Amino acid sequence: RGINLGGLAAVGDGDMDGINLGGLGLVADGRVRGINAGGLAVVSDGDLEGINLGGLAVIADGRMIGINLAGLGTVSEGSMTGINFAGLGLVADGALLGVNAAGLGVVAQGDMAYISLGGLGVVVDGDLWGLSAGGLGLVADGSITGLSLSGLGIVSDRSITGVTLAGLAIVADDRLAGLGVTAGRIVADNTRGATVAGWLRTWEMRGLAISPYTQIKGQQRGLAIGIFNTADELHGLQIGVLNRAKNNRGIAQWLPLFNFHK
């Protein structure tokens, strides 16, 4: 406890509290708390709390709380809360909460919330909340909520809610709600709000859809604008070069310019 300085390394068999600095490394078998820095790495066999700086890595076998910065990797076997940064990868075996950024990837086995930025991607095994951006992709095993940005694709095994912008694809196994925009394809069980895509494929749409190809395999309730619009059950308006409403009768199932059904 206090001020602990090691020319090569600062090593503790138990907890370390205070200002803990190691020329090459800082290692403790217990909890480390305070201002902690190692030229190469900071490693704790327990929780790591405070300001934690590692030239290459910051690693904790427990939770990380505070400011955690590493040149290459920041890794926690528990949750990570605060300002978390790594030059390459940021990984938490639990929840990842706060401002989270990495040059390549940000990964959490639990929920991820607030600001999450990955040079290549953001991957979360739980829910993703807040502002999230990935150079290539955002992938969540749970729901995605907030402002979501990706160069290629955004994928959720549940729902996506908020403003969602992706280069090539937006995929939600459940609902896409709010505003969804991509140059490629949107695939969702149902959509609520507004979508702009090269191809929309959904089983239920409520709101506005703008797409060269709008494919609604169930109910459409709202307005679809495109080149070819098709709906199994139209309750609204289609505007396009060719419009198909399977619940209309006779020639009214296929109409140019617009189609309508209550």
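Our subject is the structure listed above.
Residues numbered from 1 in each chain as written. Predicted model: local features only at pLDDT ≥ 70, side-chain atom pairs only at ≥ 80, totals over all residues. Heavy atoms only, no water.

Visitor: Which residues make up the pattern of salt bridges, and what values go with them?
Guide: This model, assessed by the stated rule, comprises 9 salt bridges. Among the ionic pairs, Asp127 bridges to Arg158, the shortest N-O distance being 3.7 Å. One end of the pair, Asp127, is in the loop between β16 (121–124) and β17 (128–134); the other, Arg158, is in the loop between β20 (153–156) and β21 (160–166), with 31 residues separating them in the sequence. A salt bridge links Arg206 to Glu204, with the nearest nitrogen and oxygen atoms 3.0 Å apart. On the basis of relative accessibility, which here comes to 35%, the residue Arg206 falls in the partly exposed class. Residues joined in a network through salt bridges with shared partners are Asp15, Asp17, Arg31 and Arg33. (Salt bridge = Lys/Arg side-chain N within 4 Å of Asp/Glu carboxyl O. Helix = DSSP H or I, 4+ residues; strand = E, 2+ residues; numbered from the N terminus. Buried < 20%, exposed > 50% of the residue type's maximum accessible area, 1.4 Å probe, protein only.)

Visitor: Tell me about the pairing of β17, and please be specific about residues and values.
Guide: Across 5 bridges, strand β15 (residues 112–118) lies against β17 in parallel orientation. Bridge assignment links Ile115 to a residue of β17, and that residue is Leu131. Sheet analysis places β17 next to strand β19 (residues 144–150), joined by 7 bridges and oriented parallel. When the bridges of β19 are listed, Ser132 appears paired with Ser148. (Pairing = 2+ DSSP bridges.)

Visitor: Pulling in residues and values, what's your account of the pairing of strand β14 (residues 105–108)?
Guide: With burial as the criterion, only one face of β14 is covered, namely that bearing Val106 and Ala108; the residues Gly105 and Val107 on the opposite face remain uncovered. When strand β12 (residues 89–92) meets β14, the two strands line up parallel, connected through 4 bridges. Across the sheet, residue Leu90 finds its bridge partner in β14, namely Val106. Here β14 runs beside β16; their pairing, made up of 4 bridges, is parallel. Across the sheet, the residue bridging to Gly105 is Gly121, located in β16.

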